[in-house]
Amino acid sequence: MKENELPKVCVVEDDEDTSNRIASIFTKNGFKVEAATNGFLAARMILNHDKPLIITLDLGIGAISGFDVLKILNELKENNKYWIIVISAEGEESLKQAL
């Protein structure tokens, strides 16, 4: 299968080591991986024409947080088009509010 035919994953993580580890897992399992280090880049990447199948989302990133990315996807009715894996050190109540 050619790289442009592989299912795509968007890794949204500001910690480079964590991002690389997540990307490595998906790459080894036949996914094309694109990484974003902040919510702005993530939203732009997710909403472009080459949409990912899966999004791994760190909620505690930069000025536009993972919470903000979830809100954007919800407002644009885009949240049900992806598998979203939330990766966070946030407490359970914060996660419930985001979802």
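What this report covers is the structure whose coordinates are included nearby. Being a predicted model, the structure only gives us computed values, none of them experimental.

1. Examining the packing of aromatic side chains
Here is step 1 of the chain: Per the stated rule, a full pass over the model turns up one aromatic pair.
Here is step 2 of the chain: Ring centres of Phe26 and Phe31 lie 5.4 Å apart, and the angle between their planes is 90°; this geometry places the pair in the edge-to-face category. The pair formed by Phe26 and Phe31 is uniform in burial state, with each residue classed as buried.

2. Overview of the pattern of salt bridges
Here is step 1 of the chain: All told, the structure shown has three salt bridges when counted by the stated rule.
Here is step 2 of the chain: In this structure, Asp17 and Arg21 form a salt bridge, with 3.1 Å as the shortest nitrogen-oxygen distance. Taken together, the residues Asp17 and Arg21, both in helix 1 (residues 16-28) and four residues apart, mark about one turn of the helix.
Here is step 3 of the chain: What makes Asp17 partly exposed here is its relative accessible area of 43%.
Here is step 4 of the chain: Notably, a salt bridge pairs Lys32 with Glu34, separated by 3.9 Å at the nearest N-O pair.
Here is step 5 of the chain: Several salt bridges share partner residues, and in doing so they unite Lys8, Lys32 and Glu34 into one network.

What counts as what
- Residues numbered from 1 in each chain as written.
- Predicted model: local features only at pLDDT ≥ 70, side-chain atom pairs only at ≥ 80, totals over all residues.
- Heavy atoms only, no water.
- Phe/Tyr/Trp six-rings, centres within 6.5 Å; stacked < 30°, edge-to-face > 60°.
- Buried < 20%, exposed > 50% of the residue type's maximum accessible area, 1.4 Å probe, protein only.
- Salt bridge = Lys/Arg side-chain N within 4 Å of Asp/Glu carboxyl O.
- Helix = DSSP H or I, 4+ residues; strand = E, 2+ residues; numbered from the N terminus.

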